[in-house]
Amino acid sequence: MIIGFLGVGHLAAALIAGLKRAGVSPQAMLLSPRGRSAELSGRYGIDIAASSKALVARCDIIVLAVRPHDAAQAVAGLPFRAGQVLISVCAGVALAELASGPAKVVRAMPLTAAEINASPTVFFPDDGAARQLLERLGPAFALRSEREFEVATVNAAIYGWAQSLIAQSAEWCATKGTDAATMRQLVAQTFVAAGRLIAEKNDPMEHMLSELVTPGGITELGLSVLDAADQRRAWQCACEAVLDRLTGRSSA
Ligand SMILES: NC(=O)c1ccc[n+]([C@@H]2O[C@H](COP(=O)([O-])OP(=O)(O)OC[C@H]3O[C@@H](n4cnc5c(N)ncnc54)[C@H](OP(=O)(O)O)[C@@H]3O)[C@@H](O)[C@H]2O)c1
């Protein structure tokens, strides 16, 4: 089973690092030329195919990781065959836009946490080979429709917003004279803790939150300040804007 990377940039580098960490051998991977191929080939000992055609001819699974506007052109005219799987990680590029002949096309949305095998990755449609690959990079979630996949893709942006909240909070702590490295770890681990508790318990989220928010306490105080600044509306507007972009309703 050979996994080919068509488009070797930032995301492909994270996926390759995660696969390597999960024990996938360099001989089981192949890179398209361009981008960061030479660097990653040097680092991991992975071969670079002579062309995209040569890549598709040799691989069983092809991960398409070019920028969205390059996706359709990158796969056009390539010698896909039955039994292959093309996994597109290109945000907002519909299945119908990817001409892969008899190969099966799967859309997936891994996060850069794939690098440490911690990416929650949504994919559609379900496929055994795609699932096996994605599960090496973290928990994989097969979705029921392309529409559901598009909505879930907004989560890839939320991941960045969460990192921004961590950075803002840690930086605020540092402005108060605390140790920046300790605060970075503390705030980051607090987000991990918040997420893990929700992921690992089945209690209704409102119930879990109500247990946290002691009347008159500090959590309630902070939430009231955020609500007065209309943070819920701002967050929902951000989600809607991303979904509109992903589904082509906006170029904002
Ligand atoms: N970055 C993320 O965190 C993230 C997360 C989830 C999904 N994604 C998706 O992943 C995709 C890639 O994002 P990225 O951030 O990795 O972009 P990137 O760093 O710009 O990498 C894209 C690479 O594709 C190469 N490329 C373009 N056309 C090609 C072709 N026809 N044949 C071979 N290589 C080609 C580019 O090479 P040149 O430099 O030579 O043009 C570039 O190295 C995007 O569609 C994005 O939506 C990204």
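Because the structure is a prediction, the values reported are computed rather than measured.

> I'm lost on the overall build of the protein in this one. Help?
Scanning the protein from terminus to terminus reveals 10 helices and eight strands. In the protein, which comprises 252 residues, the share counted as buried stands at 35%. Taking all contacts inside the protein whose residues are at least 6 apart in sequence as the whole, residues at least 24 apart take part in 49%. Here the protein displays about 14000 Å² of accessible surface, and carbon together with sulfur accounts for 58% of that area. Distance from the positive charge centre (23 side chains) to the negative charge centre (23 side chains) of the protein: 7 Å.

> Explain the site of the ligand here, please?
Every one of the 22 residues lining the ligand counts as a neighbour, but His10, Leu11, Arg34, Val66 and Ala91 are closest to it. One of the backbone N or O atoms of alanine 91 is found 3.0 Å from an oxygen atom in the ligand. Coverage of the ligand by the protein chains reaches 74% of its 900 Å² of free accessible surface. Across the shell around the ligand, the residue classes tally to 12 nonpolar, seven polar and three charged.

> How should the packing of helix α6 (residues 146-175) against helix α10 (residues 231-246) be read in this particular structure?
In helix packing, the relevant descriptors are the interaxial angle and the interaxial distance, both defined with respect to the helix axes. Between α6 and α10, the shortest axis-to-axis distance is 9 Å and the interhelical angle comes to 130°. The pairing of α6 with α10 is recorded here as oblique in orientation. Seen from above, α6 lies across α10 with right-handed handedness. Contacts from Arg147, Glu150, Val151, Thr153, Val154, Ala157, Ile158, Trp161 and Leu165 in α6 reach Trp235, Ala238, Cys239, Val242, Leu243 and Leu246 in α10. Residues that form the contact of α6 with α10 fall into these classes: 12 nonpolar, one polar and two charged.

> How do you make sense of the packing of aromatic side chains when you look at a structure like this?
One pair of aromatic rings is described through two measures. These are the centre distance and the angle between the planes. Within this structure, the stated rule accounts for one aromatic pair. Taking 5.3 Å as the distance between ring centres and 85° as the angle between the ring planes, the aromatic pair formed by tryptophan 161 and tryptophan 235 counts as edge-to-face. Here tryptophan 161 is found in helix α6, whereas its partner tryptophan 235 is found in helix α10, with 74 residues between them in sequence. The class of tryptophan 235 is partly exposed, set by a relative accessible area of 33%.

> Can you help me understand the side chain of serine 32 in this one?
As for its position among the elements, serine 32 is in the loop between β2 (29-31) and α2 (37-44). Side-chain polar atoms of serine 32 contact the backbone nitrogen of glycine 7, separated by 3.0 Å.

> Even after reading the chapter, I still don't get the sheet that holds strand β3 (residues 47-48), so can you show me in this structure?
The pairing of strands in a sheet happens through backbone hydrogen bonds and is either parallel or antiparallel. Strand order in the open sheet formed by eight strands is β3-β2-β1-β4-β5-β6-β7-β8, and the pairing between neighbours is mixed. What marks the edges here is a single partner per strand, and that holds for β3 and β8 (140-142). Pairing geometry for strand β7 (residues 121-124) and β8, over three bridges, is parallel. Residue phenylalanine 123 lies in a different strand from β8, and its bridge partner there is alanine 142. Sheet strands in contact with helix α1 (residues 10-21) are β1 (3-6), β2 and β4 (61-64), and its direction is about 165° off that of β1.

> Any chance you could explain α6 here in plain terms?
Three- or four-residue spacings in an α-helix give side chains the same orientation, since the helix completes a turn every 3.6 residues. Taking 1.5 Å per residue as the helical rise, α6 with its 30 residues ought to reach 44 Å, and the 44 Å between its terminal C-alpha atoms agrees with that figure. The axis of α6 is deflected most strongly, by about 25°, at alanine 157. Where α6 is concerned, the buried positions are Phe149, Glu150, Thr153, Val154, Ile166, Ala170 and Cys173. With its phi angle positive at about 90°, glycine 177 sits one or two positions after the end of α6.

> In this structure, what is going on with the pairing of β1? I would like to understand it.
One face of the sheet, then the other: side chains in a regular strand alternate in exactly this way. Burial along β1 is two-sided: the residues Ile3 and Phe5 and Gly4 and Leu6 are all buried. Note that the unit made of β1, α1 and β2 has a crossover that is right-handed. By the bridge criterion, four bridges tie β1 to β4 in an arrangement that is parallel. Paired with phenylalanine 5 across the two strands is valine 63, which belongs to β4.

> Explanation requested: the pattern of salt bridges in the structure shown.
If charged atoms from side chains of opposite charge come close, those side chains can pair. Here the structure, examined in full by the defined rule, presents 11 salt bridges. For the salt bridge of aspartate 127 with lysine 104, the shortest nitrogen-to-oxygen distance reads 3.3 Å. One end of the pair, aspartate 127, is in the loop between β7 and α5 (128-135); the other, lysine 104, is in strand β6 (residues 104-109), and 23 residues separate them in sequence. For the salt bridge of arginine 196 with glutamate 200, the shortest nitrogen-to-oxygen distance reads 2.8 Å. Separated by four residues within a single helix, arginine 196 and glutamate 200 lie in helix α7 (residues 180-200), roughly one turn from each other. You can call glutamate 200 exposed: its relative accessible area is 57%. Overlapping salt bridges, with partners in common, bring together Arg36, Glu39 and Arg43 in one network.

About the cut-offs
- Residues numbered from 1 in each chain as written.
- Predicted model: local features only at pLDDT ≥ 70, side-chain atom pairs only at ≥ 80, totals over all residues.
- Heavy atoms only, no water.
- Helix = DSSP H or I, 4+ residues; strand = E, 2+ residues; numbered from the N terminus.
- Buried < 20%, exposed > 50% of the residue type's maximum accessible area, 1.4 Å probe, protein only.
- Contact = heavy atoms within 4.5 Å.
- Areas by Shrake-Rupley, 256 points an atom, 1.4 Å probe, with all protein chains shown as cover.
- Lys, Arg positive; Asp, Glu negative; His and termini not counted.
- Charge placed at Lys NZ, Arg CZ, Asp CG, Glu CD.
- Near = heavy atom within 4 Å.
- Polar contact = N/O pair within 3.5 Å; in protein donor to acceptor, adjacent residues only side chain to side chain.
- Nonpolar A, V, L, I, M, F, W, Y, C, P; charged D, E, K, R; others polar.
- Axes fitted to C-alpha atoms, helices over the stretch in contact; angles between N-to-C directions.
- Parallel < 35°, antiparallel > 145°, perpendicular 65-115°, else oblique.
- Left-handed = near helix turned anticlockwise from the far one by under 90°.
- Phe/Tyr/Trp six-rings, centres within 6.5 Å; stacked < 30°, edge-to-face > 60°.
- Pairing = 2+ DSSP bridges.
- Expected span 1.5 Å × (residues − 1).
- Bend = angle between axes of the 7 residues up to and from the residue.
- Right-handed = clockwise from strand over helix to strand, strands pointing away.
- Salt bridge = Lys/Arg side-chain N within 4 Å of Asp/Glu carboxyl O.

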